[in-house]
Amino acid sequence: MKEQLEQLKNKVLEEIKKIQDPKLLGNLEKEYLGRKGKLTKILRKIKDVSAELRPVVGKLANEIKKDVSAAFQEAEIKLKTRYQNSSEFFDPTLPGIVPPSGHLHPITQMLERIWEVFRSMNYDLVLGPEIENDYYNFQALNVPPDHPARDMHDTFYLKGARGVKRERGKYGDLLLRTHTSSISQVRTMEKRKPPIRIMATGKCYRRDDDISHTPMFHQFDGIAIDHNITFADLKGTLHYAMRELLEEEVKVRFRISYFPFVEPGAEFDVTCTICGGRGCPTCKGTGWLEMGGCGIIHPNVMKAAKYDSKKWKGFAFGFGVERPAMVKHRISDIRALFENDLRFLNQF
Ligand SMILES: [Zn+2]
C-alpha cells in the first residue's frame, strides 16, 4: 500500500505540472481528491490494514494528501495570475456585451393589458378548468343538448380519454371548453353573491383552422351583475375598454345578434384602426372590425346560478384576445402568433 501511495503521488504531481487550463485542473483535482477520487479510495482502505502497520500507513497517506492538495492550490494560483495578466489589455471604450433577453408574447402582453383595464373598473379575475363538462359549457348557459347553437361550437370531446373518468348524468361528457363563459357565468356565479363584477380569461378550443381561426385561442369574458344594469352600462364599459386596449379613439357599435346565454344579444364592432373608418381591405371596406359578442344575461342562466332574475340584472360580453392584439399590431394571419418564429415575435 505504501508503494501504491507513492506511485499515485508521483503520477499526480507530474500531471499537475503539465496542465495549462484552470478547468482541466479542476477536473484532475476531482479525479484524485473528489468523493470517488483515486486517492480518496485508497484512504478509505486504510482501515483494512493490519493494526501494527495502520499508524505508519495512515501518517504517510495523510502527508501525501496534504502534498497533493498543496500542489493543486499552487497550480491554481499560478494559472489564475497568468489569466489575469493576459486580460490586462482591457479596453473600456469597447461597447459592452448585451446578454440576450426575451420579452412577453404579444398575446400575454394583451392579456395583461386587458386585466389592467378591467381591474381599474373593479373587475375581479377568475380562472377555471380547460377540461370542462357538458353542463357548464352548454346546459347551464341555456344551450340544452338538442339546441342548434351547439353546431356553432363543434368542439373536442374527450370520449374515453385515458385516465379521465367519463362523467355521466347531470354534468355530461367531458370536452375542451369552447369559451370562457363557462367560468364567468354559472361557475363563478354559483360561488358568489351579487353584486359582482368578474372577468375570466384563458385558452379555448374549437375545430377551426384558417387565416383568422386557430383550434386553440384565448378568450376574455366579463360579467357585471347589479341592480338596474342596462345596455347603456354595457356600451359604456366596452367603449372605454376598447379605447384603452387599442390606444386609439375608436367608436363602438352594436349589431343585433343571437347568443343563447344572453337576451337581447349583440355583436360589437369597433371603428377600423387601419383606415380610421373610411374602408380598407382589412375591414372589408366597411370601416368596422368585429370584436366580440355581448348582451344582457339570460334569465335561464340566472336561474342556473340560483339568482333572482327579477331582483338582479347583468350584462355579459366576450371577445378573443388575439383579435385586439392583431388589430393593434396589424397582424393579418392569426396563425403567425403560434408558430413560435422568433423573427416574427421579436417585433412586438
Ligand atoms: Zn379599415
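Given the structure is predicted, the values throughout are model-derived calculations rather than measurements. (Residues numbered from 1 in each chain as written. Predicted model: local features only at pLDDT ≥ 70, side-chain atom pairs only at ≥ 80, totals over all residues.)

What to know about the overall build of the protein chain
Looking only at helices and strands, the protein chain features 11 helices and 9 strands. For the protein chain, the C-alpha radius of gyration of 35 Å lies well beyond 20 Å, the compact-globule estimate for 348 residues. Overall, the C-alpha framework of the protein chain stretches about 100 × 60 × 35 Å when taken along its three principal axes. By the burial criterion, 30% of the 348 residues in the protein chain qualify as buried. When contacts within the protein chain are restricted to residue pairs at least 6 apart in sequence, long-range pairs at least 24 apart make up 65% of them. (Helix = DSSP H or I, 4+ residues; strand = E, 2+ residues; numbered from the N terminus. Rg over C-alpha atoms; globule rule 2.2 N^0.38 Å. Buried ≥ 20, exposed ≤ 12 C-beta atoms within 10 Å, placed from the backbone. Contact = placed C-beta atoms within 7 Å.)

Side note on the sheet that holds strand S4 (residues 196-205)
Strand pairing within a sheet occurs via backbone hydrogen bonds; the two strands may be parallel or antiparallel. Ordered in space as S1-S4-S5-S9-S8-S7-S6, the 7 strands form an open sheet in which the pairing is mixed. A strand with exactly one partner marks an edge of an open sheet, and here the two such strands are strand S1 (124-126) and strand S6 (252-257). Put simply, the sheet's adjacent strands are angled 25° from each other on average, direction ignored. Where strand S5 (residues 216-226) and strand S9 (residues 313-320) come together, 8 bridges link them in antiparallel fashion. Looking at the pairing, glycine 222 lines up with phenylalanine 317 of S9. Of the strands in this sheet, S5, strand S8 (288-297) and S9 are in contact with helix H10 (residues 322-329), which crosses S9 at around 55°. (Pairing = 2+ DSSP bridges. Axes fitted to C-alpha atoms, helices over the stretch in contact; angles between N-to-C directions.)

Some details on the packing of helix H5 (residues 106-119) against H10
It is at 9 Å that the axes of H5 and H10 come closest, and there the two elements cross at 105°. As judged from the angle between their axes, H5 and H10 are roughly perpendicular. Taken together, the residues of H10 that come into contact with H5 (itself represented by Pro106, Ile107 and Met110) are Glu322, Pro324, Ala325 and His329. Here the residues of the contact of H5 with H10 sort into 5 nonpolar, 1 polar and 1 charged. (Parallel < 35°, antiparallel > 145°, perpendicular 65-115°, else oblique. Nonpolar A, V, L, I, M, F, W, Y, C, P; charged D, E, K, R; others polar.)

Re the pairing of S6
As paired strands, S6 and strand S7 (residues 262-271) are joined by 6 bridges and run antiparallel to one another. Bridge pairing links isoleucine 256 to alanine 266 in S7. Between S6 and the antiparallel strand that follows it, S7, lie 4 residues.

Details of the environment of isoleucine 211
Position of isoleucine 211 among the secondary structure elements: in the loop between S4 and S5. Spatially, the C-alpha atoms of isoleucine 211 and serine 332 are 7.9 Å apart, while their sequence positions differ by 121 residues. Those residues within four positions of isoleucine 211 in sequence are excluded, and the remaining contacts are Asp333 and Ile334.

Quick notes on the UniProt feature "binding site: Mg(2+)" (unreviewed entry) in the protein chain
What UniProt calls "binding site: Mg(2+)" (unreviewed entry) maps, in this numbering, to Glu263. Discounting residues that sit within four places of it in the chain, glutamate 263 has contacts with Gly295, Ile296 and His298. (UniProt positions renumbered as here; feature names shortened; annotations may be inferred.)

With respect to the nonpolar core
Nonpolar side chains in soluble globular proteins generally cluster together in the buried interior. Formed by 53 residues in total, the largest nonpolar core has its most connected members in Val186, Leu238, Met242, Cys294, Val301, Phe315 and Ala316. Beyond its immediate stretch of four places on either side in the chain, methionine 242 contacts Val250, Val252, Val270 and Met291. Among the nonpolar cores identified, the runner-up in size contains 8 residues, and Tyr32, Ala61, Val68 and Ala75 belong to it. (Core = buried A, V, L, I, M, F, W, Y, C linked by C-beta atoms within 7 Å.)

Looking at unusual backbone geometry
With an omega of 0°, the peptide bond running from proline 194 to proline 195 counts as cis. For the bond from glutamate 263 to proline 264, the omega torsion is 0°, close enough to zero to count as cis. For proline 264, the position within the fold is in strand S7. The phi dihedral of asparagine 228 falls on the positive side, at around 55°, and the residue is not glycine. Residue position: asparagine 228 is located in the loop between S5 and helix H8 (231-246).

Some points on the pairing of S7
Pairing of S7 with S8 involves 8 bridges; the strand directions are antiparallel. Its bridge partner being in S8, alanine 266 is matched across the sheet by cysteine 294.

Looking at the packing of H5 against H8
It is at 10 Å that the axes of H5 and H8 come closest, and there the two elements cross at 140°. When the axis of H5 is compared with that of H8, the two are oblique. Our pair here, H5 against H8, has a crossing hand that is right-handed. Only Ala241, Glu244 and Leu245 of H8 make contact with H5, whose side of the interface consists of Arg113, Ile114, Val117 and Phe118. Of the residues that constitute the contact of H5 with H8, the class distribution is 5 nonpolar, no polar and 2 charged. (Left-handed = near helix turned anticlockwise from the far one by under 90°.)

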